[in-house]
Amino acid sequence: VLLLVARCLAFAQPLWHVRAAASSRPAALQLIVLDTSMSMGAADGRFERARAAAARIVERLGGARALIVSAADGLAVSSAAGADPAALRALLRQLRPGSARLDDGAAMAGLDAVFEQQRGLVEAHFISDFQASGTPTRFADLLPRVPPGHPMTLQLQPVAGDATPANWAVSA
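Residues numbered from 1 in each chain as written. Predicted model: local features only at pLDDT ≥ 70, side-chain atom pairs only at ≥ 80, totals over all residues. Heavy atoms only, no water.

Q: Explain the overall build of the protein to me, and be specific about the residues and the numbers.
A: On a plain count of helices and strands, the protein comes out with four helices and five strands. Overall, the protein shows an N-to-C arrangement of helices and strands of α-β-α-β-β-α-α-β-β. The buried share among the 172 residues of the protein stands at 36%. Counting only contacts in the protein whose residues sit at least 6 apart along the sequence, the fraction spanning at least 24 positions is 78%. Within the structure as shown, the protein displays about 10900 Å² of accessible surface, and the carbon and sulfur contribution to it stands at 59%. (Helix = DSSP H or I, 4+ residues; strand = E, 2+ residues; numbered from the N terminus. Buried < 20%, exposed > 50% of the residue type's maximum accessible area, 1.4 Å probe, protein only. Contact = heavy atoms within 4.5 Å. Areas by Shrake-Rupley, 256 points an atom, 1.4 Å probe, with all protein chains shown as cover.)

Q: How would you explain the layout of surface pockets if you had to name every residue and give the values?
A: Looking at the second largest pocket, its volume works out to about 160 Å³. Of the residues that constitute the lining of the second largest pocket, the class distribution is four nonpolar, seven polar and four charged. (1 Å grid on protein atoms, 1.4 Å probe; cavity = no way out; pocket = protein on both sides within 12 Å on 5 of 7 lines; lining within 4 Å. Points joined across faces, edges and corners; volume = space filled by probe spheres on them. Nonpolar A, V, L, I, M, F, W, Y, C, P; charged D, E, K, R; others polar.)

Q: Which residues make up the pattern of salt bridges, and what values do they have?
A: Tallied over the full model, the rule gives four salt bridges. One salt bridge connects Arg46 with Asp129, and the closest N-O pair in it is separated by 3.0 Å. Separated by 83 residues along the polypeptide, Arg46 in helix 2 (residues 46–59) and Asp129 in the loop between strand 4 (122–128) and strand 5 (152–158) bring together distant segments of the chain. When the shortest N-O distance is used, the salt bridge between Arg89 and Glu59 registers 2.5 Å. On the criterion of sequence distance, the pair formed by Arg89 in helix 3 (residues 85–94) and Glu59 in helix 2 is long-range, its members being 30 residues apart. One salt-bridge network, in which partners are shared between bridges, spans Asp44, Arg46, Arg49 and Asp129. (Salt bridge = Lys/Arg side-chain N within 4 Å of Asp/Glu carboxyl O.)

Q: So what's going on with the sheet that holds strand 5? Residues and values would help.
A: The strand order 3-2-1-4-5 describes an open sheet built from five strands, whose pairing is mixed. Single-partner strands in this sheet number two, and they are strand 3 (75–77) and strand 5. On average, each strand axis in the sheet is inclined to that of its neighbour by 20°, with strand direction left out of account. As paired strands, strand 1 (residues 29–35) and strand 2 (residues 65–71) are joined by seven bridges and run parallel to one another. Bridging from a neighbouring strand, Gln30 pairs with Ala66 of strand 2. In the packing of helix 4 (residues 104–116) onto the sheet, contacts are made with strand 1, strand 2, strand 3, strand 4 and strand 5, and the angle to strand 4 comes to roughly 155°. (Pairing = 2+ DSSP bridges. Axes fitted to C-alpha atoms, helices over the stretch in contact; angles between N-to-C directions.)

Q: Lay out helix 3 in plain terms, naming residues and giving numbers.
A: Regarding helix 3, the residues found buried are Leu88, Leu91 and Leu92. Buried positions in helix 3, seen along its axis, are confined to an arc of 100° and lie on one side of it. Along helix 3, exposed side chains directed more than 90 degrees from the buried face belong to Arg93 and Gln94. As for helix 3, its buried residues are in contact with strand 1, helix 2 and strand 2. (Arc of directions from axis to C-beta.)

Q: Describe the nonpolar core, naming the residues involved and giving the relevant values.
A: Membership of the largest hydrophobic core comes to 19 residues, with the highest contact counts inside it found for Ile32, Leu34, Ile68, Leu92 and Ile127. The set of elements that each furnish at least two residues to this core consists of strand 1, helix 2, strand 2 and helix 3. At six residues, the largest contribution of residues to this core is made by helix 2. Those residues in contact with Ile127 that lie beyond four places of it in its chain are Ile32, Val33, Leu34, Asp35, Ala50, Ala53, Ala54, Ile57, Gln157 and Val159. Leu67, Leu102, Ala107 and Val122 belong to the second largest nonpolar core, which has 15 residues in total. (Core = buried A, V, L, I, M, F, W, Y, C linked by side-chain atoms within 4.5 Å.)

Q: Account for the side chain of Ser128, naming residues and giving values.
A: Turning to its location among the elements, Ser128 is positioned in strand 4. Accessibility expressed as a relative area gives 1% for Ser128, which makes it buried. Side chain to side chain, Ser128 and Asp35 meet in a polar contact 2.7 Å long. Discounting chain neighbours no more than four positions away, the residues touching Ser128 are Asp35, Met40, Leu102, Gln157, Pro158 and Val159. (Polar contact = N/O pair within 3.5 Å; in protein donor to acceptor, adjacent residues only side chain to side chain.)

Here it is as structure tokens:
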């Protein structure tokens with residue numbers, strides 16, 4: 001009977017969920033990825049909400065380093081990693097939405113190089129309106145490929161608001 005159960009489990013290839021122990025160490029780097037695509041320039045204030053969310057992260061640094069990355073048709077590292085809240089807030093004020101479209105999968109792939117260069121825990125904050133048109137075809141592309149031994153957490157922070165306006169079209 002045990003042999004039959006073992007064979008069933010081997011064929012099923014179950015995934016066992018193991019809770020990681022909560023780290024009492026603060027993150028070595030707070031990575032703030034701010035969507036600067038065209039959709040963030042909508043008149044409903046989503047870019048201002050995104051900038052405010054990033055500013056709240058900067059305020060909670062407590063001496064930790066932060067790196068601000070703008071994401072649209074590619075990733076642009078907007079600053080060297082630093083811990084000066086005044087400089088980081090000034091950088092946030094300079095960012096503006098552009099005319100490009102954000103591809104969430106390409107943005108995550110672009111973060112791979114950033115993760116490889118860091119040591120210690122990286123806490124990534126992806127602040128976006130998460131447009132459906134930016135979703136990659138493979139779900140796995142939504143996760144960065146973190147090298148072994150490089151711990152990280154990823155927090156998605158949507159800023160599109162509660163109601164998405166209808167997408168109207170006129171056809172003849």
